[in-house]
Amino acid sequence: MTHVKPKFAMYWAASCGGCEIAVLNTHEKILDVDANFDVVFWPVAMDAKYKDVEAMEDGSILLTLFNGGIRNDENEHIAKLLRQKSKILVAFGSCACEGCIPGLANLSPVGEIVHTAFNTISTDNPHEIYPRTSYDVPEGELHIPKLEKTLRPLDHVVDVDYYMPGCPPESHQIAAVLDLVIDVLHGRATLPPKGSTIGVGNSTVCDECPRARNVKLIKEFKRIQDIAPADPDLCLLEQGIPCNGPATCSGCNARCPQAGAQCIGCYGPAQGVTDYGARLITAFSSVIDATTPEEIERILDGIPDPTGQVYRFSLPASLLMANREAFKAK
Amino acid sequence: MTDQFEPTIIGFTCNWCSYRAADLAGTARMKYAPNVRLIRLMCSGRLDPTFVLRALSGGADGVMITGCHPGECHYIEQNYKALRRFLLLRRVLTGLGIEPERVKLVWASAAEGAKFAAETTTFVEEIRKLGPLCWGKDEDGRMKDDEDIGNSSIKTHPSSFEKEVPA
Ligand code: SF4
Ligand code: SF4
Ligand code: SF4
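These notes cover the structure that comes with them. Residues take numbers from 1 onward in each chain, read along the sequence in its written order. To label them, take the chains in the order written and letter them from A, then take the ligands in the order written and number them from 1. Side-chain atom pairs in this predicted model are given and counted only at pLDDT of 80 or more, local residue features only at pLDDT of at least 70, and totals for whole chains, interfaces and linings cover all residues. Remark: hydrogens and water are excluded; side-chain values derive from all non-hydrogen atoms of the structure.

## With respect to the site of ligand 3
Residues and elements named next belong to chain A.
Next, step 1: Put simply, a residue is near a molecule or strand once any heavy atom of it comes within 4 Å of that molecule or strand. The environment of ligand 3 is made up of V205, T248, C252, R255, C256, P257, C263, I264, G265, C266 and Y267.
Next, step 2: Helix and strand assignments come from DSSP, with helices taken as H or I runs of at least 4 residues and strands as E runs of at least 2, each series counted from the N terminus. The element best represented in the shell around ligand 3 is helix α10 (residues 255-259), accounting for three residues.
Next, step 3: Classes in brief: Ala, Val, Leu, Ile, Met, Phe, Trp, Tyr, Cys and Pro nonpolar; Asp, Glu, Lys and Arg charged; the others, Gly included, polar. Of the residues in the shell around ligand 3, the class split is eight nonpolar, two polar and one charged.

Right, here's the structure in full:
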């Protein structure tokens, strides 16, 4: 009998595809995947059908990286299917972990989302044609997936073994995780406890950020493009630019502040943070130099969309959204 | 038995002033609405906005935060911190579609039992007017159609997914 390689799968639900590119971006590391795994399902990289996955034995896929949130009934079906077929299911990328940018659509009713997509000034749709979930053609009945009312993170639908945040996760982190799994396969390492967040640091982005912090208080919040140029060495928050670094998990080497832009929080909540937005509310409040309600409100006017600012990547996984009945899996 | 909605309110009080105000209201046998469950913190500056979100997501209809008057904080100026967090939190809640009036900040000194009692009663009335903080759900636990949620300010297109394709 020949040696059988463990099976690997990757899937995209409601996502942008950036996570897949990030995996391909591990360059020669991708060859290790091929050398160590039998890739059985990976829509972006190879042709396979759902029925091929359905035919697999339960638990026969060793590792599945699942990216994207659950936005329609097809996403949900495949999430459940891959859970059943996989030993290790990783919520891969911010969309799967916390809902990410597609999750911001939870602030709008689904009807309005469809309307915006199919019938606004940017869309020429004089007959108001909208997609239907089923349609009869001579060859038979066609189905397209039905949008659900909200986007849910993967773990609101199925049990998840590991979380790997990032929009997308950094390639060096992906490579490190792939190395770990390969080491486990060869008996050189053991897996972290179930439920762990992997491929991240254990601190905050501020901790990796080289900018100097001087406990400077601010009289104004500003958009980074409105101050030219920002001091390259001073903490952005102390320059009045809302930077999400204090609440965000480290692991990206403070990529954005190093490049001159504020952290927007794509690595998700740092360890010990229950609600990402709440932690940021505390962080932003702490630099405001004012004691009267009027003055504080004036300073806060400098953050035009506070909800989007503090929940840009984590709205569906936030405390309030998570408890909406709408999010509970059946 | 009345059908009147009895809101559940979580109150966070600081140890030094506002909790004593509540105590005073009690020992002086002042009458006020019984809907508030108090949680004592050492200082209003200890109020992590997470506590408020946790209360609201766990079933509270409103949250009352109380602290010492500005300038009288036992930890110098932590109540200003509470004020800043409170004001930003209200903005974030508004963006989430939650009425910001569901969270209230009250300054009360240890001597102001009457003020504490009156503010509590007023707040309970305000929340009663707003109604329960519920998200709406249907039988299988999902959110109701947006049309059913009632006074939603956002108009939903009625025919999404259903429109016939013209021949
Ligand atoms: S996490 Fe970011 S990169 Fe990955 S699919 Fe979502 S939006 Fe794209
Ligand atoms: S707030 Fe932003 S700029 Fe300041 S130290 Fe943290 S990551 Fe760096
Ligand atoms: S600095 Fe922030 S936004 Fe930028 S990559 Fe890191 S976690 Fe993401």
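Text resumes after the structure shown.
## Section: the site of ligand 1
All names here are of chain A.
Next, step 1: The environment of ligand 1 is formed by S15, C16, G18, C19, N67, G93, S94, C95, C100, G166, C167 and P168.
Next, step 2: Broken down by secondary-structure element, the contributors of at least two residues to the shell around ligand 1 are α1 (18-24) and α5 (94-98).
Next, step 3: Its residues assigned to classes, the shell around ligand 1 shows six nonpolar, six polar and no charged.

## Thoughts on the pairing of strand β1 (residues 9-14) of chain B
Residues and elements named next belong to chain B.
Next, step 1: Here β1 lies mainly inside the structure; six of its six residues are buried.
Next, step 2: Residues I9, G11 and T13 point to one face of β1 and I10, F12 and C14 to the other, with burial holding for every one of them.
Next, step 3: Looking at chain direction, β1 and strand β3 (residues 62-67) are connected through four bridges and run parallel. Opposite I10, over in β3, you have V63 as the bridge partner.
Next, step 4: In this analysis, strands are considered paired if DSSP registers two or more bridges between them. The pairing of β1 with strand β2 (residues 36-41) spans six bridges and is parallel. Paired with I10 across the two strands is R37, which belongs to β2. Under the scheme applied here, a residue whose accessible area is under 20% of the maximum for its type counts as buried, over 50% as exposed, and between as partly exposed, the area being computed with a 1.4 Å probe on protein chains only.

## Observations regarding the sheet that holds strand β3 (residues 61-67) of chain A
Residues and elements named next belong to chain A.
Next, step 1: Spatial strand order, β2-β1-β3-β5-β9: five strands in an open sheet with parallel pairing. One side of each edge strand has no neighbouring strand; the edge strands of this open sheet are β2 (38-41) and β9 (162-164). Recorded for the sheet is a direction-independent mean angle of 25 degrees between the axes of neighbouring strands.
Next, step 2: As defined by bridge partners, strand β1 (residues 7-12) adjoins β3 across six bridges and the pair is classed as parallel. In the strand pairing of β3, M10 is matched with L65.
Next, step 3: Every residue pair with non-hydrogen atoms within 4.5 Å of one another is taken to be in contact. For helices, the fitted line uses only the C-alpha atoms of the stretch in contact; every axis is such a line through C-alpha atoms, and the angle between N-to-C directions lies from 0 to 180 degrees. Each of β1, β2, β3 and β5 (86-92) touches helix α4 (residues 73-85); the most contacted strand, β5, lies at about 135 degrees to it.

## A closer look at the pattern of salt bridges
Next, step 1: One speaks of a salt bridge when a side-chain nitrogen belonging to Lys or Arg is within 4 Å of a carboxyl oxygen belonging to Asp or Glu. Following the criterion strictly, the structure yields 22 salt bridges over all chains and no others.
Next, step 2: Between R91 of chain B and E297 of chain A there is a salt bridge; the shortest N-O distance is 2.7 Å. Taken together, the positions of R91 of chain B in helix α3 (residues 78-95) and E297 of chain A in helix α12 (residues 293-300) put the pair across two chains.
Next, step 3: Residue classification places R91 of chain B among the partly exposed positions, given a relative accessible area of 22%.
Next, step 4: With relative accessibility at 27%, the residue E297 of chain A sits in the partly exposed group.
Next, step 5: Its salt-bridge partner being R128 of chain B, residue E125 of chain B comes within 3.3 Å of it at the nearest N-O pair.

## Things to note about the nonpolar core
Next, step 1: Put simply, a nonpolar core is a bunch of buried Ala, Val, Leu, Ile, Met, Phe, Trp, Tyr and Cys residues held in one set by side-chain atoms that sit within 4.5 Å of each other. Counting 48 residues, the largest nonpolar core has F221 and F284 of chain A together with V52, L53, L56, I65 and L93 of chain B as the members making the most contacts within it.
Next, step 2: Residues contacting F221 of chain A, with those up to four places away along its chain left out, are L237, G240, P242, F284, V287, I288, I299, L300, G302 and I303 of chain A.
Next, step 3: A9, V40, I78 and Y163 of chain A belong to the second-largest nonpolar core, a separate cluster that totals 24 residues.

## Quick notes on the packing of aromatic side chains
Residue and element names in this part refer to chain A.
Next, step 1: Between rings of Phe, Tyr and Trp, where Trp is taken as its six-membered ring, a pair exists when centres lie within 6.5 Å; planes separated by under 30 degrees are stacked, by over 60 edge-to-face, and by other angles tilted. Tallied over the entire structure, the rule returns 10 aromatic pairs over all chains.
Next, step 2: Aromatic side chains F8 and F37 sit 5.8 Å apart centroid to centroid with 55 degrees between the ring planes, which places their arrangement in the tilted category. Here F37 lies in the loop between α2 (29-36) and β2 and F8 lies in strand β1, a separation of 29 residues in the sequence.
Next, step 3: Aromatic ring contacts, followed pair by pair, group Y11, F41, Y50 and F66 into a single cluster.

## Regarding the environment of E6 of chain B
All names here are of chain B.
Next, step 1: You can see E6 is positioned in the segment before β1.
Next, step 2: Classification of E6 by relative accessible area gives partly exposed; the value is 44%.
Next, step 3: Each C-alpha atom of the pair E6 and P132 lies 8.6 Å from the other, and the pair is 126 residues apart in sequence.
Next, step 4: Apart from residues no more than four positions distant in its own chain, E6 is found in contact with N35 and R128.
Next, step 5: A polar contact is formed between the side chain of E6 and the side chain of N35, at a distance of 2.8 Å.
Next, step 6: One polar contact links E6 to R128, side chain to side chain, over a distance of 3.2 Å. We call two N or O atoms a polar contact when they sit within 3.5 Å, provided that within protein one can donate a hydrogen and the other can accept it, with sequence-adjacent residues counted only if both atoms are side-chain atoms.

## Notes on α4 of chain A
All names here are of chain A.
Next, step 1: Expected helix span is computed as 1.5 Å times (number of residues minus one). Its 13 residues place the ends of α4 18 Å apart at the C-alpha level, agreeing with the 18 Å of an ideal helix rising 1.5 Å per residue.
Next, step 2: Listing the buried residues of α4 in full gives N75, E76, I78, A79, L81, L82, R83 and K85.
Next, step 3: Of the residues flanking the start of α4, the one acting as N-cap is N72, its side-chain oxygen 3.0 Å from the backbone nitrogen of E74.

## Brief notes about the sheet that holds β1 of chain B
What holds strands together in a sheet is hydrogen bonding between their backbones, with the strands either parallel or antiparallel.
All names here are of chain B.
Next, step 1: Judged by pairing direction, the sheet is parallel, and its four strands sit side by side in the order β2-β1-β3-β4 without closing on themselves. Taken across any chain shown, the strands that pair with only one partner, and hence form the sheet edges, are β2 and β4 (103-107). Ignoring strand direction, the axes of neighbouring strands in this sheet form an average angle of 20 degrees.
Next, step 2: Against the sheet, helix α2 (residues 49-57) touches β1, β2, β3 and β4, its axis set at about 150 degrees to β3.
Next, step 3: Running over the sheet, α3 touches β3 and β4 and is turned about 160 degrees from β4.

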